[in-house]
Amino acid sequence: MNQAQVIDRLQKIFDELFLDPVVLTPALTAREVEEWDSLLQISIVVAVEGHFGIRFNMGEVEATQNVGQFADLIVKRIAEKSA
Amino acid sequence: MQNTYIFSIAVLTVYLALSRIALGLLRNRGVTLFALINVLSMLGMLILLRTDKQIPGVLEPLMASRGMEVLINIAIPCALVFIYIGFIFFQYYLVHRYAYASGVSSLIPILTPIVALILFKVTPLLLIGPILFERGASYIDLSAIGFSFLSFRLSYMAMEVRNRVVPMPIFSEFLSFAFFMPIMLVGPISRYSIFRRSLYTSEPIPVAASVIRIVVGLVKYVFLANMLNGLAFDGLLFDGHPHHSIDLVISCAAYYLFLYCNFSGFCDMAIGFARLLGIEVEENFDSPLKARNIKDFWNRWHITLSTFMRDMLFTPLSKWLVARLGENNLSHAIAIAIFVVFLVIGVWHGVGLNFFFFGLMHAIGVTFNHYGNLWLRKNLGVIRYKAYMNSTPIRIVAVGITFCYVSASFLFFANSMDRIVSIPEILQ
């Protein structure tokens, strides 16, 4: 799976969690979306871990700067899982 | 006092000049020199602060013996500095030994600073320490406060190394960061990744803007904070005279404003000063007085602390709770995590029941916001929720309520329980 495919799947997860629809792009940051705070972040992380069947380490997701980097991290975890 | 100011300015000027030479002229090779300058200036600052120390009357009988005097004046502070520096070296070893280890071992360098902080705070020496040095407690208090920030910065650094956000630090990088003088004493808990990035980029230094930042900080820290302190608890409510109950309200509000000017003023100075060296330090405040609820307040007040707590405690704890309670209970898991986080934030600030109550008030506030927001979103629908969020009258009322709530919570931050209990006697 590549970054674009992951973002495509993330879009569906985000659509369910956000009241106000968000259009995901690799450059989008949490700061640009008013609703996207640390409480909603938990819902996102839990949903993503469940959807892709992966686990993030402490502080890993927070270290990503934008949606693109977040998707890259997911790609990396999926690759590790199947390896 | 005059001498202390002059000496501080002299130390800071020498520090600035030497560091600029190290980082500016020597580039990458200068980092070793920069580390050395930071270690020496930290020791210099500790010696400087010792000059203020006075021995309280309780200890006068002990002072009769020359041996005891030497012990109390020199041995205890030296031992503390030794523990402090020893810990930093030990942490360097742990990061190198365990950061890339597999499994649970990689948590060792992340958790050790936290454990050390807890030991440091509750250890008998420090409980007795403030009593011993009642009037000259600055020395021990100071190292304890500095240690709270240091341990969090080192813990976060270990996590960034483990997650490979930054390469493994070499000794000089580690020392420069651990002892980085501008943020040594009062924070912010600025991240190593940001420190490192600015250490190796040579962008032009915004000298004028940095100096203005320092001046703004100085005005807030010295002038405004002192003025407001005159209306806060020490200056007004607890001045030894009886008071009208309105003075309790004035004291709470003035203390909030005092603390904002004091703390953000210091951070302004630290950020401006670090920028003169070309080192970026994270912002710690974003107009907290504009906060519309307690959750919003913590996004704007002491931001580096709430970020640290979010990444190190809130997120892992929420995930752990969700795994136990099931995804259907996600919102309750988050509420429990919020409670734990704010109680920890409360007791992190100091030893005493009052800090627990301070944390409790914020735990209740943020949990209320959490459930309240879920309720609003569910019952108002998209359009009306947006209208609610964008309404100016609602914002004004919310900001007012938040200001009052935060001011009230600082009653527990500023005063020991003994003092709080004595308030009814003071009020007429």
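Because the structure is predicted, anything quoted here is derived from the model rather than measured.

## Brief notes about the overall build of chain A
For chain A, the helix and strand inventory stands at four helices and zero strands. Counting contacts in chain A only where the partners sit at least 6 residues apart, residues at least 24 apart contribute 49% of the total. Of the roughly 4200 Å² of accessible surface on chain A, a fraction of 51% belongs to carbon and sulfur atoms.

## Thoughts on the overall build of chain B
Counting its secondary structure elements, chain B contains 19 helices and zero strands. Scored against the burial criterion, the 428 residues of chain B give a buried share of 50%. Expressed as a percentage of contacts within chain B between residues at least 6 apart in sequence, the contacts between residues at least 24 apart total 72%.

## What to know about the packing of aromatic side chains
Residues and elements named next belong to chain B. By the definition in use, this model includes 42 aromatic pairs over all chains. Ring centres of phenylalanine 87 and phenylalanine 147 lie 5.2 Å apart, and the angle between their planes is 55°; this geometry places the pair in the tilted category. Taken together, the residues phenylalanine 87 in helix H4 (residues 66–98) and phenylalanine 147 in helix H7 (residues 138–162) connect sequence positions 60 residues apart. Among the residues examined, phenylalanine 147 registers a relative accessible area of 1% and is labelled buried. Its guanidinium or amino end placed over the ring of phenylalanine 177, arginine 153 lies 5.1 Å from that ring's centre, counting from NZ or CZ. One Lys or Arg, arginine 419, reaches over the ring of phenylalanine 238 and ends 4.3 Å from the middle of that ring.

## Let's talk about unusual backbone geometry
Residues and elements named next belong to chain B. Although it is not a glycine, arginine 164 sits at a positive phi angle of roughly 55°. Counting through the fold element by element, arginine 164 comes out in the loop between H7 and helix H8 (171–178). On the basis of relative accessibility, which here comes to 57%, the residue arginine 164 falls in the exposed class. Even without a glycine there, the phi angle at histidine 302 is positive, about 45°. Residue position: histidine 302 is located in the loop between helix H13 (294–300) and helix H14 (303–325). Residue histidine 302 is classed as buried on the basis of its relative accessible area, which comes to 3%.

## Observations regarding the interface of chain B and chain A
Reports of interface size often rely on the accessible area that becomes lost once the parts have come together. On the side of chain A, 21 residues touch chain B, which itself brings 26 residues to the contact. Taking both sides of the interface into account, the surface hidden between chain B and chain A amounts to around 2100 Å²; carbon and sulfur atoms contribute 64%. In terms of surface lost to chain A, no three residues of chain B exceed Asn163(B), Lys319(B) and Arg377(B), which account for 27% of the buried area on that side. At the boundary of chain B and chain A, one finds four salt bridges. A salt bridge links Lys386(B) to Asp20(A), with the shortest nitrogen-to-oxygen separation between them at 3.3 Å. There are nine residue pairs in polar contact (both at pLDDT 80 or more) connecting chain B and chain A. Within the residue set of the side of chain B that touches chain A, elements represented by two or more residues are H7, H14, helix H15 (330–348) and helix H16 (353–390) of chain B. When residues of the side of chain B that touches chain A are assigned to their parent elements, the largest contribution, nine residues, is made by H14(B). Among the residues making up the side of chain B that touches chain A, the classes are represented as 14 nonpolar, four polar and eight charged.

## Re the side chain of Thr402(B)
Residues and elements named next belong to chain B. Relative to the helices and strands, threonine 402 resides in helix H17 (residues 392–414). Judged by relative accessible area, threonine 402 falls into the buried class, the value being 6%. Aside from chain neighbours lying at most four places away, what touches threonine 402 is Ala291, Arg292, Asn293 and Ile294.

## Digging into a nonpolar patch on the surface
Judged by side-chain polarity, Val207(B), Val211(B), Val215(B), Leu218(B), Val219(B), Tyr221(B), Val222(B), Phe223(B) and Met227(B) come together as a nonpolar surface patch covering roughly 760 Å² of accessible area. Mapping Val222(B) onto the fold places it in helix H10 (residues 207–229).

## Considering the nonpolar core
All names here are of chain B. Phe34, Ile88, Phe180, Trp298 and Phe410 are the most contacted members of the largest nonpolar core, which has 112 residues in total. Ranked by residue count, the leading element in this core is helix H12 (residues 246–276), at 16 residues. Among all residues touching phenylalanine 410, those that are not within four sequence positions of it are Phe233, Tyr255, Tyr256, Leu259, Phe297, Trp301 and Phe358.

## Here's the deal with the pattern of salt bridges
Scanning all chains against the criterion turns up 17 salt bridges over all chains. A salt bridge links Glu35(A) to Arg377(B), with the shortest nitrogen-to-oxygen separation between them at 2.9 Å. With Glu35(A) in the loop between helix H1 (3–17) and helix H2 (38–52) and Arg377(B) in helix H16, this residue pair bridges two chains. With relative accessibility at 18%, the residue Arg377(B) sits in the buried group. The residue Glu283(B) makes a salt bridge to Arg275(B) at a minimum N-O spacing of 3.8 Å. Of the residues examined, Glu283(B) reaches a relative accessible area of 35% and is grouped as partly exposed. Put simply, Arg213(B), Lys220(B), Asp268(B), Arg275(B), Glu280(B) and Glu283(B) are held in one network by salt bridges that share partners.

## Focus: the packing of H10(B) against H12(B)
Residues and elements named next belong to chain B. Where H10 contacts H12, the axes come no closer than 7 Å and their chain directions differ by 155°. Judged by the angle between their axes, H10 and H12 are roughly antiparallel. The handedness of the crossing between H10 and H12 is left-handed. Of the residues that constitute the contact of H10 with H12, the class distribution is 19 nonpolar, seven polar and four charged.

What counts and how
Residues numbered from 1 in each chain as written. Chains lettered and ligands numbered in written order. Predicted model: local features only at pLDDT ≥ 70, side-chain atom pairs only at ≥ 80, totals over all residues. Heavy atoms only, no water. Helix = DSSP H or I, 4+ residues; strand = E, 2+ residues; numbered from the N terminus. Contact = heavy atoms within 4.5 Å. Areas by Shrake-Rupley, 256 points an atom, 1.4 Å probe, with all protein chains shown as cover. Buried < 20%, exposed > 50% of the residue type's maximum accessible area, 1.4 Å probe, protein only. Phe/Tyr/Trp six-rings, centres within 6.5 Å; stacked < 30°, edge-to-face > 60°. Lys NZ or Arg CZ within 6 Å of the ring centre and 35° of its normal. Buried area = accessible area lost by both parts, 1.4 Å probe. Salt bridge = Lys/Arg side-chain N within 4 Å of Asp/Glu carboxyl O. Polar contact = N/O pair within 3.5 Å; in protein donor to acceptor, adjacent residues only side chain to side chain. Nonpolar A, V, L, I, M, F, W, Y, C, P; charged D, E, K, R; others polar. Patch = residues over 30% accessible without salt bridge, like charges linked within 9 Å, V, L, I, M, F, W, Y side chains within 5 Å. Core = buried A, V, L, I, M, F, W, Y, C linked by side-chain atoms within 4.5 Å. Axes fitted to C-alpha atoms, helices over the stretch in contact; angles between N-to-C directions. Parallel < 35°, antiparallel > 145°, perpendicular 65-115°, else oblique. Left-handed = near helix turned anticlockwise from the far one by under 90°.

Purely geometric stuff here, so don't read any function into it on its own.
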